[in-house]
Amino acid sequence: NTGNGGNSGNNGGNNGDSTTNLNVELISYYNDDTASFSTVFGNYTRRFIVHTPANYDTNDDPIPLLFVLHGYTGQAPSIRNYSGFDSISDEENFIVVYVQGVTDVTNTTGWNVNVVSTFNEVDDVGFFSALIEYFKQNYNIADTKIFSTGMSLGGFMSYRLACELDEINSIGSVTGSMPAYYNCVPPNQKSIIHFHGTSDTVVPYNGNSWSYNVENAHSFWANYNNCQNQSEVTVPDFNGDGIYSTQLISYGCDGSREVVLYTMQDEGHTWFKKDWGHDLDTSRLIWEFFKDK
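**Some points on the overall build of the protein chain**
Reasoning step 1: Check the secondary structure of the protein chain and you find 6 helices and 13 strands.
Reasoning step 2: Relative to the compact-globule value of 19 Å for 293 residues, the protein chain shows a C-alpha radius of gyration of 18 Å, a close match.
Reasoning step 3: Dimensions along the principal axes, computed over C-alpha positions, put the protein chain at roughly 55 × 40 × 40 Å.
Reasoning step 4: Residues classed as buried in the protein chain amount to 56% of the 293 residues present.
Reasoning step 5: Taking as baseline every contact in the protein chain between residues at least 6 positions apart, the subset at least 24 positions apart corresponds to 61%.
Reasoning step 6: Surface exposure of the protein chain reaches about 12000 Å², of which carbon and sulfur atoms provide 43%.

Have a look at this one:
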C-alpha cells in the first residue's frame, strides 16, 4: 500500500515545467508499509523511503505528508531508524518520506543550502517541488498539510524549503539553522519549531560565518509571521541531571502561526530522545507541533 510508484502522469505541476513529472521506480520493500524508491531529477539519481501508516487507505480522507531529512554525511535509512517517525506515523496517520541527499565529489552526502559548496549545482528545491507534485498525484495527500523536518544540514534544507516553497506548511529543525549567506524571502507564512544545544560545536548555537545565530533565526520568522507575543518556559528535567532547558514561543502571529525554539542547555549536536538520556523526544514534539498546523 505504498502507492503505485509509477509515472506520475502528464500533469507538470503549477509552473508548467515538465521536469516535475517524475518517473519513480520501486527499489525494494523494508516491510508491507515501507519501501525505497528512486527517480532521476536534474542529472542525479534520487532516492527516498516512503512509509505509509499501517491503516492507510487511498479512499479515506487525505492525510498529511512529512519529509524527514538527514544531516551532512548522513543517510535516509539511519534517520529513519533513530527518528522513529514510522511508529508515530502509524499512531497519528500521516505519510513519512525519508529523502536521500545526493553524493558530492568528495563522496559525501548533503543538501544545497548555501553552506557546502560541493552541492551548489544540485537543484534540491526543484526536486522537493517535483516530489510534492508526485505525492499529490500518487498518494492521498492533504495539500495543506505538507511538512519538512531534518537533522543538522537537513534542518538547513527544511528552512530553505520554508523560504522557497509555497506548499510547505511548517518545518522543524534539529541542530540546523539558516545559512548566513542566503536571502530568505518566504512565499507565505510558516510555523517553525527548532531544537538546538547550547554546546553544539558543529552548528554553533550563537552562529558563525556561515550559520545564523538560532535566536536570530527565531526572530526572523517571528517577525515575518507578525507574531505579537512571546513567552519562555522551562522544560521539565526528565533525565534528572539538574540542568534545565527552555522553550521560547512566539505566538499571536498571523494565521495562527507559531515559532518555537527549544534551547537545549549544555547539549551538543544530536537528535534529542528520552531513550538517549535527554529531557524530551524531538520527533514526538515535532509531530505534536505540526498536527494542528
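**Brief notes about the packing of aromatic side chains**
Each aromatic ring pair is specified by the distance between its two centres and by the angle formed by the two planes.
Reasoning step 1: The final tally for this structure, using the stated rule, is 26 aromatic pairs.
Reasoning step 2: When the centroid spacing of 6.4 Å and the interplanar angle of 35° are considered together, the rings of Tyr-56 and Tyr-139 count as tilted. On the criterion of sequence distance, the pair formed by Tyr-56 in the loop between strand S3 (44-51) and strand S4 (63-69) and Tyr-139 in the loop between helix H3 (124-138) and strand S8 (141-151) is long-range, its members being 83 residues apart.
Reasoning step 3: Under the relative-accessibility criterion, Tyr-56 is labelled buried at 10%.
Reasoning step 4: Judged by its relative accessible area of 5%, Tyr-139 falls in the buried class.
Reasoning step 5: Between Phe-94 and Trp-287, the ring centres sit 3.7 Å apart and the planes meet at 20°, which makes this aromatic pair stacked. Taken together, the positions of Phe-94 in the loop between helix H2 (85-92) and strand S5 (95-99) and Trp-287 in helix H6 (residues 282-291) put the pair 193 residues apart, joining distant regions of the chain.

**Notes on the packing of H2 against H6**
Reasoning step 1: For the pair H2 and H6, the least separation of the axes is 10 Å and the interaxial angle reads 35°. For the pair H2 and H6, the sense of crossing is right-handed. Note on element contacts: H6 touches H2 through Ser-283, Arg-284, Ile-286, Trp-287, Glu-288 and Lys-291, opposite Phe-85, Ile-88, Glu-91 and Glu-92.

**Quick look at the pattern of salt bridges**
Reasoning step 1: If you walk through the whole model with that rule in mind, you get 7 salt bridges.
Reasoning step 2: The residue Glu-91 makes a salt bridge to Arg-284 at a minimum N-O spacing of 3.0 Å. You can see Glu-91 sitting in helix H2 and its partner Arg-284 sitting in helix H6, a full 193 residues away along the chain.
Reasoning step 3: For Arg-284, a relative accessible area of 37% corresponds to the partly exposed category.

**Re the state of the cysteines**
Reasoning step 1: Scanning the entire structure with this criterion turns up 2 disulfides.
Reasoning step 2: With its sulfur 2.1 Å from that of its partner, Cys-163 forms a disulfide with Cys-184. Sign of the S-S torsion, about -105° for the bond between Cys-163 and Cys-184, identifies this disulfide as left-handed. Of this pair, Cys-163 sits in helix H4 (residues 153-164) while Cys-184 sits in the loop between strand S9 (170-174) and strand S10 (191-197), placing them 21 residues apart in sequence.
Reasoning step 3: A residue is classified by how much of its surface remains accessible, and Cys-184, at 8% relative accessible area, is buried.
Reasoning step 4: Linked covalently through their sulfurs, Cys-227 and Cys-253 form a disulfide whose S-S length is 2.0 Å. Here the disulfide of Cys-227 and Cys-253 is right-handed, its torsion about the S-S bond being about 100°. Taken together, the positions of Cys-227 in the loop between helix H5 (214-224) and strand S11 (229-234) and Cys-253 in the loop between strand S12 (246-251) and strand S13 (259-264) put the pair 26 residues apart, joining distant regions of the chain.

**Quick look at the environment of Gln-228**
Reasoning step 1: Relative to the helices and strands, Gln-228 is located in the loop between H5 and S11.
Reasoning step 2: There is a polar contact of 2.9 Å between the side chain of Gln-228 and the backbone oxygen of Asn-226.

**Re unusual backbone geometry**
Reasoning step 1: Its identity as a non-glycine residue notwithstanding, Thr-73 has a phi of 75°, on the positive side.
Reasoning step 2: The topology assignment puts Thr-73 in the loop between S4 and helix H1 (76-83).
Reasoning step 3: Phi at Asp-266 takes a positive value of approximately 65°, unusual for a residue other than glycine.
Reasoning step 4: Residue position: Asp-266 is located in the loop between S13 and H6.

**Focus on H6**
In an α-helix there are 3.6 residues to a turn, and that puts residues three or four apart on one side.
Reasoning step 1: All of the buried residues along H6 are Thr-282, Ser-283, Ile-286, Trp-287, Phe-289 and Phe-290. Along the long axis of H6, the arc covered by the buried residues comes to 160°, so they all point the same way.

**Section: the sheet that holds S9**
Reasoning step 1: Strand order across the open sheet formed by 11 strands is S1-S2-S3-S5-S4-S8-S9-S10-S13-S12-S11, with mixed pairing between neighbours. The sheet terminates laterally at strand S1 (25-31) and S11, the two strands that pair on one side only. Pairwise comparison of adjacent strand axes, ignoring direction, gives a mean angle of 15° for this sheet.
Reasoning step 2: Alignment of S11 against S12, held across 6 bridges, turns out to be antiparallel. Along S12, the bridge assignment pairs Glu-232 with Leu-248.
Reasoning step 3: Relative to S5, H2 is tilted by about 160°, and along the sheet it contacts strand S2 (34-41), S3, S4, S5 and S8.
Reasoning step 4: Those strands touched by H3 are S2, S3, S4, S5 and S8, and its axis lies near 45° from that of S3.

Definitions and limits used
Residues numbered from 1 in each chain as written. Predicted model: local features only at pLDDT ≥ 70, side-chain atom pairs only at ≥ 80, totals over all residues. Heavy atoms only, no water. Helix = DSSP H or I, 4+ residues; strand = E, 2+ residues; numbered from the N terminus. Rg over C-alpha atoms; globule rule 2.2 N^0.38 Å. Buried < 20%, exposed > 50% of the residue type's maximum accessible area, 1.4 Å probe, protein only. Contact = heavy atoms within 4.5 Å. Areas by Shrake-Rupley, 256 points an atom, 1.4 Å probe, with all protein chains shown as cover. Phe/Tyr/Trp six-rings, centres within 6.5 Å; stacked < 30°, edge-to-face > 60°. Axes fitted to C-alpha atoms, helices over the stretch in contact; angles between N-to-C directions. Left-handed = near helix turned anticlockwise from the far one by under 90°. Salt bridge = Lys/Arg side-chain N within 4 Å of Asp/Glu carboxyl O. Disulfide = S-S within 2.5 Å. Polar contact = N/O pair within 3.5 Å; in protein donor to acceptor, adjacent residues only side chain to side chain. Arc of directions from axis to C-beta. Pairing = 2+ DSSP bridges.

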